[in-house]
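Listed below, chain by chain, are the residues.
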Amino acid sequence: MTGIGHSDLTGRQLEVFLAVHDTGSLSKAAQQLHINQSTVSQHLEKLRDSFGDPLFVRTGRQIKATDKARRLAPQVRDILIALEALCEEGNYEPSKALAPVTIAGNI
């Protein structure tokens, strides 16, 4: 892939990236996210393709974040925090709605 566009990324991929970064383990990240290790690997592969970087390299039984992954981690964390906030702000309560409601049916 040449370059990366924001529409190429998903929130789930970013969650996986951060979980792997924070735990230093694909299996621990999978446990934390309640998914299987294969799914973690698939998300990481897509991110590697998108960023053009391995992001994590195996060192014995552990994995180590690349320089790029270490630079990305704070930005990814901020993005996920912003996404959470965005979802929390939009609670719709019909009983408190002030806008008119139109109900239509098909004949």
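Residues numbered from 1 in each chain as written. Predicted model: local features only at pLDDT ≥ 70, side-chain atom pairs only at ≥ 80, totals over all residues. Heavy atoms only, no water.

(A) How the structure looks around the overall build of the chain. Counting its secondary structure elements, the chain contains four helices and two strands. Relative to the compact-globule value of 13 Å for 107 residues, the chain shows a C-alpha radius of gyration of 19 Å, a clear excess of over 25%. Along the first, second and third principal axes, the C-alpha set of the chain runs to 65 × 30 × 30 Å. Out of the 107 residues belonging to the chain, those deemed buried represent 27%. Intrachain contacts of the chain at a sequence separation of at least 6 include 51% that bridge at least 24 residues. Accessible surface computed for the chain: about 7,900 Å², of which carbon and sulfur atoms make up 53%. In the chain, 12 side chains carry a positive charge and 12 a negative one; their mean positions are 10 Å apart. (Helix = DSSP H or I, 4+ residues; strand = E, 2+ residues; numbered from the N terminus. Rg over C-alpha atoms; globule rule 2.2 N^0.38 Å. Buried < 20%, exposed > 50% of the residue type's maximum accessible area, 1.4 Å probe, protein only. Contact = heavy atoms within 4.5 Å. Areas by Shrake-Rupley, 256 points an atom, 1.4 Å probe, with all protein chains shown as cover. Lys, Arg positive; Asp, Glu negative; His and termini not counted. Charge placed at Lys NZ, Arg CZ, Asp CG, Glu CD.)

(B) Representation of a nonpolar patch on the surface. The grouping of I79, L83 and L86 at the surface amounts to a nonpolar patch, some 270 Å² of accessible area in total. Among the secondary structure elements, I79 is positioned in helix α4 (residues 67-89). The partly exposed category is assigned to I79, whose relative accessible area is 40%. (Patch = residues over 30% accessible without salt bridge, like charges linked within 9 Å, V, L, I, M, F, W, Y side chains within 5 Å. Salt bridge = Lys/Arg side-chain N within 4 Å of Asp/Glu carboxyl O.)

(C) Broad picture of helix α1 (residues 11-23). Compared with an ideal rise of 1.5 Å per residue, which puts 13 residues at 18 Å, α1 spans 18 Å between its outermost C-alpha atoms and is within 8% of the ideal. Every buried residue of α1 is accounted for by Q13, L14, V16, F17, L18, A19 and V20. The first or second residue beyond α1 is G24, which carries a positive phi of 70°. (Expected span 1.5 Å × (residues − 1).)

The analysis is restricted to geometry; functional conclusions fall outside its scope.
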